[in-house]
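Architecture and fold: a report
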Amino acid sequence: MEPPVKIRINSLSFCYNGRKVLRHTSVSFSTNSITAIVGPSGTGKSTFLMTLNRLWEELPNCSLQGTVEIRFNGVFSNIYEREFAVEKLRRQVGMVFQTPNPLPMSIFKNVAFPLELAGEKEKDFIRARVEEALQKVRLWDEVKDRLSESALSLSGGQQQRMCIARAMILQPEILLLDEPTSSLDHTGAEAIEQLLLQLKQNCTILVVSHYLDQVKRIADRVVELRDGQLCSR
Amino acid sequence: MMRFLEKVLPLFSWLCGAVLVAAISSVTGYLLFKGLRGVNLGLLFGTTDPVAALMLRQQVFDGLFPAMVGTLSLVLMSVGWAIPIGIAAGIYLAEYARGRTKMIFNLLFDILAGLPSVIIGLFGFSLTLFLNRHVSEALRPCLLISSIALAFLVLPYIIRTTQLAFESLPVQSRMTARALGASRLQNIVHVLLPQAFPGISSGVILAIGRCAEDTIVIMLTGVVASAGVPRSLLSPYEALPFYIYYISSQYGDQQELARGYSAAILLLIICLFLFSLAFLIKKGARYRTLYRP
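Let me sum up the structure you'll find in this document. (Residues numbered from 1 in each chain as written. Chains lettered and ligands numbered in written order. Predicted model: local features only at pLDDT ≥ 70, side-chain atom pairs only at ≥ 80, totals over all residues.)

Contacts between the two partners involve 22 residues from chain A, matched on the other side by 17 residues from chain B. Secondary-structure elements contributing two or more residues to the side of chain A that touches chain B are α2 (86-92) and α3 (107-117) of chain A. Ranked by the residues each element gives to the side of chain A that touches chain B, the list is headed by α3 of chain A, at five residues. Of the residues that constitute the side of chain A that touches chain B, the class distribution is eleven nonpolar, five polar and six charged. (Contact = placed C-beta atoms within 7 Å. Helix = DSSP H or I, 4+ residues; strand = E, 2+ residues; numbered from the N terminus. Nonpolar A, V, L, I, M, F, W, Y, C, P; charged D, E, K, R; others polar.)

Time to look at the sheet that holds strand β1 (residues 5-16) of chain A. Residues and elements named next belong to chain A. What the four strands build is an open sheet, ordered β2-β1-β4-β5; its pairing is antiparallel. Single-partner strands in this sheet number two, and they are β2 (19-30) and β5 (75-78). Neighbour-to-neighbour, the strand axes of this sheet turn through a mean angle of 10 degrees, independent of strand direction. Where strand β4 (residues 62-72) lies against β5, four bridges are found, and the strand directions are antiparallel. Bridged to R71 within β5 is F76. Relative to β1, helix α1 (residues 45-52) is tilted by about 120 degrees, and along the sheet it contacts β1, β2 and β4. (Pairing = 2+ DSSP bridges. Axes fitted to C-alpha atoms, helices over the stretch in contact; angles between N-to-C directions.)

Residues and elements named next belong to chain A. The sheet contact formed by strand β3 (residues 34-38) and strand β9 (residues 221-226) spans four bridges and is parallel. Each residue of the ladder has a partner; that of V38, found in β9, is E224. One ladder, built from four bridges, connects β9 with strand β10 (residues 229-232); its direction is antiparallel. Bridge pairing in β10 links E224 to C231. Taken together, β9 and the strand that follows it, β10, pair antiparallel across an intervening segment of two residues, in which D227 is found at a positive phi of about 50 degrees.

Residue and element names in this part refer to chain A. When you line up the elements, M162 lands in helix α6 (residues 156-168). Separated by 22 residues in sequence, M162 and W140 have C-alpha atoms that sit 9.5 Å apart. When neighbours within four sequence positions are excluded, M162 is seen to be in contact with P102, I107, N110, V111, L139, A151 and L154.

All names here are of chain B. Two elements in contact, helix α5 (residues 99-114) and helix α7 (residues 143-167), have axes separated by 8 Å at closest approach and are oriented at 135 degrees. By the criterion of interaxial angle, the relationship of α5 to α7 is oblique. Where α5 crosses over α7, the handedness of that crossing is left-handed. Contacts from F109, L112 and A113 of α5 reach α7 at L155, P156, I159 and R160. Along the lines of polarity and charge, the residues of the contact of α5 with α7 split into six nonpolar, no polar and one charged. (Parallel < 35°, antiparallel > 145°, perpendicular 65-115°, else oblique. Left-handed = near helix turned anticlockwise from the far one by under 90°.)

Here you go:
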């Protein structure tokens, strides 16, 4: 039986700095699956991810047409409807960027930050969730004795794993990853791949990747972005 | 030619730096040479008992203690007015204002930055006259009016440094917290503001220095030669820059001039104290906001 659809995109067009990145493209993504988005550099794969959590709205000179519907609690909602709270959306749709982007805070604060933003005040609960998230990305043992040190002191691979932990701490239903292993060595990349396979039990994952062998290893489906259109491969 | 420039340019830069250090050292050295001998309790409290003066039980008539208190109060009050307004305006310009609104505000703040201090002084003076005629006759040139006028003088420094500090933050910093579900305000308060602290604090330090040295604004708005320690915000007050100006232009003998040099050293000490305070607050606030687990 086909897993239910989680994201439904209908006739989506996106323009950035006068350049058409997406042209009336329609596609859907299944629940609890890993979809790899591939395509030549500069075609707008990262930008496409940003249309799913409305992050492009933070950039100047962008415009979007069409609908993006996500199923929350069994009901599809158009995330571009006026009454749809963008902050709430971004807590349900986590994102990890290509280059690790730790905030200039301690390791603990970085990971706990989304919980605090969401209004969580219970310190013991926050501590437990931080530990759980760091253990999931296999970083806990490496950082448990230096949680109050700056996150900038971590290595590139550790920073990326911390960013994934941070994106996962709110237990989002969707996870967007923009080339998450591009700054990691082989071992680090393998750990992330294992993690993604584990996470997909409870999460719909969209990952932009240039590594075809990686795509083959983890993706349930491969979608190519070419000339503004998303097509299954 | 390029190779010649490659060698000469660093040398020239080093030389400029050295000239600057030499200039600052010679001015400070000259000041210390001329005035350090006079810096003692007598300079501050004259013949008054220091403890009684510090407890405000006795007025000091022949020492610089009232001028020190006046200067310190004036700087703290002025910067106290200017910091919240300046930071808020800087954040508005960097994060919210767009298009024509931003252009108009930028132009207005540029004009404010370019106003000569005598104009700000006249504004303070006119404000006093207006308040005296229309609000209460008790309102005369005083510490409150001076601090407001000085706040206007230093506002552009704080606005501009805040705006620049925010605008120069990398786009990635701006996007990270937003991607994690931070609202615009949460992003500003928890992420951007702590990162912009170093930039903002340099604006505050500039503002402190400007408030401490300005003479013309306070001459028109409330400073007097002898008033004692200000008893309220509506009192006239004494201030070190005015004392230094007064002594250097009307000294009777070399001893009086030496007191002027000593007063200048006191002013430097006050500035140093305030700069250190600003630095410690910056460091403490950054640590508290960013690193405390």
